[in-house]
Amino acid sequence: MDLSQLLASSPNHHLLLHFSPTNKSLFNFHKPLPLFTNFNPQRRSSITNYHPIKSQTLNHNNTPLDHDDGFILEDVPHLTHFLPDLPTYPNPLKYSQAYAIVKNTFVSPEDVLAQQVVVQKGSPRGVHFRRAGPRENVYFKSEEVRACIVTCGGLCPGINTVIREIVCGLNYMYGVNTVLGIEGGYRGFYARNTMELNPKVVNDIHKRGGTILQTSRGGHDTNKIVDNIQDRGINQVYIIGGDGTQKGAAAIYKEVEKRRFPVAVAGIPKTIDNDIAVIDKSFGFDTAVEEAQRAINAAHVEVESVENGVGIVKLMGRYSGFIAMFATLASRDVDCCLIPESPFYLEGQGGLFEFVQQRLKENGHVVIVLAEGAGQEYVLESVNAAEEKDASGNKLLLDVGPWLTQKIKDHFTTVKKMAINMKYIDPTYMIRAVPSNAYDNIYCTLLAQSAVHGAMAGYTGFTVGPVNSRHAYIPIGRVTEATNVVKLTDRMWARLLASTNQPTFLDKHE
Ligand SMILES: Nc1ncnc2c1ncn2[C@@H]1O[C@H](COP(=O)(O)OP(=O)(O)OP(=O)(O)O)[C@@H](O)[C@H]1O
Ligand SMILES: O=P(O)(O)OC[C@H]1O[C@](O)(CO)[C@@H](O)[C@@H]1O
Ligand SMILES: [Mg+2]
C-alpha cells in the first residue's frame, strides 16, 4: 500500500509514520496515536514532547536489536479524511507546456523533509514534514474551483506578490478562473465586499507595497466566516498572515471539517518580525533588512559628520529582534544592537552609557540599532502607563525610541557635562511598506505556487514554507505553538557581538 492509498483509507487527520528499513516501502504505517486523530492546535505541545517509537527489529535469535530510527512525520490533514468518497482527477499539469520536459513533474507521496539537518551518527531521524509541490492527482475540477484570498495583520513586503502568484498559479497551471479577493482581512468575509481577481487585474501589483486587498486586525468570527465561505460557494481559501492569522486559519479549517465541507484551507505565513516558528525565514524579511540599511546609513552619515554624534535607529520587532540583528550584521556601521531577547542596562560598569562614552572617545560617533520591543520594562517604569491592546489582542508597545534618546541626552548633558549631537531615526513603517526585493519576489512565488499545489491536491489546514531551504506543508498548529525568537545561546547572536564588540549586558553589577 503506498502513502496516497493509505491516506485515502485513513479516517485520521494526522498520521504518525514510522520508517522501518526492513520494509520495501519507505513508510511503515503504525496505528496513529490518539493524540493525532483529533488535531487541536492548543494541544500541540504534547506532540512536541512526543517521544519517537522505537522500531524493534528481531535478529536471528529472536531478540530485539536496539535500533531506533525515530522517524516522525508531522503530517497535514487531507480532505479525504473527512470526505472519504471525494473523487479525484488527473493533475492538469500533466499536459502543461511549462512542465513538458520536467523530469519529475510530481512530488512523490513519499517525499518528506527533515526538520533537523544537523545530526550525529546514530541520532534519531526526528521530525519530518511533507514536501510541497504538485501531486499526480487533484481533488478539484478546475472549472469548479472557487478560490478566495484574504490578507490579515500588519503589512510586509511581498504580500501583493503572493496574491499575484496565487491568482496566476491557479489560472496558468490549473485553469482556474474564479478567484475572489476578500477585502479588509477576516472581517471582510462578512462585512466587506469582494473583488474579482484574475491575471490581468493582478499583473503589476507586485511592484507596489502593502496589500491590494487591504488588511485589518481583530474581527475574526469563525462561524460567520465559514457561513460566508459556504454562501459564496468558495472551496479553496488562501490566508496570508502572521501568527494570529494562522490561528484564525486553523479555526476556520476546524469548522470547515466539522461541517464536512469540501473546502481546502491553506495558510501562507507573513510576518515582518520573522517570528513564525519552523520555517526558515518569512517573506519580506530580507527586503525589510535591506531597507533598514538606508536608515542606518543615514544615521551613520549624520553622526560621523558632527562632533560626538549619537545615532539611534528604531526598527520593528515586537518580541523577536531578527530585523535589528540582521540589519546590524549587514551594516558594519552599527556600534550596538538592542533586542527584546537580550535585556540591557544603562548605568555603571558594562552598561550602555559607559559603552557610548567609550565609542565617542574612540571614534567620535556611535550608532545604536534598537528593536521596538527592547527595554519595554524601563519605559513602563518611567511612564507608568496602563497596558493597551490592539484589536487582535496584541499588547501595544510603549515607544522605546524617544525614551532611550532622552536618557542618553540627559546622561551626557547633566551627568557627564558633555555636549552630544543626537540624531534619532524611526523608519519602522518605512521598512515594511516597500515592495519586495528580487529575492523576496522569487520566494513569494514559490510560496504561492506551493500553496496552490497543496490545495489542489486536497491538503487542508496547512501552512506552507521552507524548512531547510525546501518547501513543506506544515500543520498550522505547528507554526503557531511557539514564537520564533533570537536565541542568545545560538551562534548568530555571538556573531553579532563579535562583529560589533558591544557589551553583552550579562554581568550587571548592582
Ligand atoms: N487566536 C486566534 N484565533 C482566531 N483568530 C485570531 C487569533 N489571533 C488573531 N486572530 C485574528 O487574526 C488576524 C490577524 O492577527 P494579528 O493582528 O495578531 O496579526 P498577525 O496575523 O499575527 O500578523 P502580524 O503579527 O505579523 O502583524 C486578526 O483578524 C485576528 O482577529
Ligand atoms: O501595524 P500596526 O498595527 O501598527 O502594528 C505594528 C506591529 O506590527 C508588526 O509589524 C508585526 O506585523 C510589528 O513589528 C509591529 O509592532
Ligand atoms: Mg502576530
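Starting from 1, residues in each chain are numbered consecutively following that chain's sequence as written. Chain A is the first chain written and ligand 1 is the first ligand written, with later ones labelled in order. With the structure being a predicted model, the display of local features is reserved for residues of pLDDT at least 70 and the display and counting of side-chain atom pairs for 80 or more, all residues being used for whole-chain, interface and lining totals. Only hydrogens and water are removed before side-chain values are computed, so all heavy atoms of the structure are retained for them.

- An unreviewed UniProt entry annotates the protein chain as ATP-dependent 6-phosphofructokinase originating from Tagetes erecta.
- What UniProt records for the protein chain under Function (unreviewed entry) is the sentence "Catalyzes the phosphorylation of D-fructose 6-phosphate to fructose 1,6-bisphosphate by ATP, the first committing step of glycolysis."
- UniProt positions are given in the numbering used here, feature names are shortened, and annotations may be inferred rather than shown by experiment. Quoted verbatim from the Subunit (unreviewed entry) heading of the UniProt record, the comment on the protein chain is "Homotetramer."

1. Describing the overall build of the protein chain
- When its secondary structure is counted, the protein chain shows 15 helices and 20 strands.
- Looking at the protein chain residue by residue over its 510 residues, the buried ones come to 54%.
- Restricting the contact set of the protein chain to residue pairs at least 6 apart, pairs at least 24 apart contribute 76%.
- Counting only carbon and sulfur atoms, one obtains 49% of the accessible surface of the protein chain, whose full area is about 22,700 Å². Helix and strand definitions follow DSSP, with helices as H or I runs of at least four residues and strands as E runs of at least two, each counted in order from the N terminus. A simple rule labels every residue: compare its accessible area, found with a 1.4 Å probe on the protein chains alone, to the largest value its type can have, and call it buried under 20%, exposed over 50%, or partly exposed in between. Any pair of residues with heavy atoms lying within 4.5 Å of one another is described as a contacting pair. Computed by Shrake-Rupley with a 1.4 Å probe, the accessible areas treat only the displayed protein chains as cover when residues are assessed.

2. Concerning the site of ligand 1
- Definition of nearness: a residue and a molecule or strand are near each other if at least one heavy atom of the residue lies within 4 Å of the molecule or strand. As a structural note, the neighbourhood of ligand 1 is formed by 20 residues, with Gly154, Gly218, Asp243, Thr245 and Ser392 the closest of them.
- Between ligand 1 and the protein, one listed contact pairs an oxygen atom with a backbone N or O atom of glycine 218 at 2.7 Å.
- Compared with its free state, where it exposes 620 Å², ligand 1 has 83% of that area covered by protein.
- Ranked by residue count, the leading element in the shell around ligand 1 is helix H7 (residues 243–258), at 5 residues.
- Each residue gets one label: Ala, Val, Leu, Ile, Met, Phe, Trp, Tyr, Cys and Pro are nonpolar, Asp, Glu, Lys and Arg are charged, and the others, such as Gly, are polar. Across the shell around ligand 1, the residue classes break down as 2 nonpolar, 13 polar and 5 charged.
- Each of two domains, domain 2 (137–280 + 436–480) and domain 3 (285–431), supplies a minimum of three residues to the shell around ligand 1. The definition of a polar contact used here is a pair of N or O atoms within 3.5 Å, where within protein one atom must be able to donate a hydrogen and the other to accept one, and adjacent residues in sequence count solely through side-chain atom pairs. For the purposes of this description, domain bounds are those given by an automatic or database domain assignment.

3. Section: the environment of alanine 250
- Here alanine 250 lies in helix H7.
- Judged by its relative accessible area of 7%, alanine 250 falls in the buried class.
- When the C-alpha atoms of alanine 250 and glycine 461 are compared, they prove to be 6.1 Å apart, with 211 residues separating the residues in sequence.

4. A few points about helix H10 (residues 352–363)
- To estimate the expected span of a helix, subtract one from its residue number and multiply by 1.5 Å. Spanning 12 residues, H10 covers 16 Å between terminal C-alpha atoms, matching the ideal 16 Å at 1.5 Å per step.
- Just past H10, the residue glycine 364 takes up positive phi, approximately 85 degrees.

5. A few points about the UniProt feature "domain: Phosphofructokinase" (unreviewed entry) in the protein chain
- Under the UniProt annotation, the feature "domain: Phosphofructokinase" (unreviewed entry) is placed at residues 147–453.
- In residues 147–453, helix accounts for 42% and strand for 16%; the two terminal C-alpha atoms are 13 Å from one another.

6. What about the confidence of the model for the protein chain?
- When pLDDT is averaged along the protein chain, the result is 88, and 86% of the positions lie at 70 or above.
- The predictor reports its confidence for every residue as pLDDT, a score running from 0 up to 100. Predicted confidence is poor over residues 1–67, with pLDDT under 50, and the contacts of this stretch with residues over four places away or in other chains come to 119 contacts.
- Interface confidence for the predicted complex, given as ipTM, is 0.99, next to a pTM of 0.88.

7. Quick notes on the site of ligand 2
- Lining the immediate surroundings of ligand 2 are Gly154, Arg217, Ile272, Asp273, Met316, Gly317, Arg318, Glu372, Tyr429 and Arg432.
- One of the side-chain N or O atoms of arginine 318 is found 3.4 Å from an oxygen atom in ligand 2.
- The side chain of glutamate 372 places a nitrogen or oxygen atom 2.7 Å from an oxygen atom of ligand 2.
- The fraction of the free accessible surface of ligand 2 (400 Å²) that becomes covered by protein chains is 80%.
- Residue classes in the shell around ligand 2 are distributed as 3 nonpolar, 2 polar and 5 charged.

8. Describing the packing of aromatic side chains
- Aromatic rings from Phe, Tyr and Trp, taking only the six-membered ring of Trp, are treated as a pair when their centres fall within 6.5 Å; an angle between ring planes under 30 degrees marks them as stacked, one over 60 as edge-to-face, and anything in between as tilted. The tally for this structure, following the rule as stated, stands at 8 aromatic pairs.
- Plain terms: the ring middles of phenylalanine 344 and tyrosine 378 are 5.6 Å apart, the flat faces sit at 65 degrees to each other, and that makes the pair edge-to-face. Taken together, the residues phenylalanine 344 in the loop between strand S16 (336–338) and H10 and tyrosine 378 in helix H11 (residues 376–383) connect sequence positions 34 residues apart. The exposure classification of phenylalanine 344 matches that of tyrosine 378, with both residues buried.
- Plain terms: the ring middles of tyrosine 345 and phenylalanine 505 are 5.8 Å apart, the flat faces sit at 80 degrees to each other, and that makes the pair edge-to-face.

9. A short note on the sheet that holds strand S17 (residues 365–371)
- Should DSSP find at least two bridges between two strands, the strands are regarded as paired. The 4 strands lie next to each other as S16-S17-S15-S18, forming an open sheet whose pairing is parallel. The open sheet has two edge strands, S16 and strand S18 (421–425), and neither has a second partner. Geometrically, the sheet is characterised by an average inter-axis angle of 15 degrees between neighbouring strands, direction not taken into account.
- Note: S16 against S17, 3 bridges, orientation parallel. Pairing of cysteine 336 across the sheet is with isoleucine 368, part of S17. Working convention: axes come from line fits to C-alpha atoms, limited for helices to the stretch in contact. Angles between N-to-C directions cover 0 to 180 degrees.

10. With respect to the pattern of salt bridges
- One side-chain nitrogen of Lys or Arg within 4 Å of one carboxyl oxygen of Asp or Glu is enough to make a salt bridge. All told, the structure shown has 20 salt bridges when counted by the stated rule.
- Of the charged contacts in the structure, one is a salt bridge between glutamate 74 and arginine 478, with a shortest N-O distance of 2.6 Å. With glutamate 74 in the loop between strand S5 (71–73) and strand S6 (89–90) and arginine 478 in helix H14 (residues 476–480), this pair connects stretches of sequence that are 404 residues apart. The pair glutamate 74 / arginine 478 is uniform in exposure class, with both members buried.
- The closest approach of N and O atoms between lysine 258 and glutamate 255, which form a salt bridge, is 3.6 Å. Of this pair, lysine 258 and glutamate 255 both sit in helix H7, separated by 3 residues, roughly a single helical turn.
- Since its relative accessible area comes to 64%, lysine 258 is described here as exposed.

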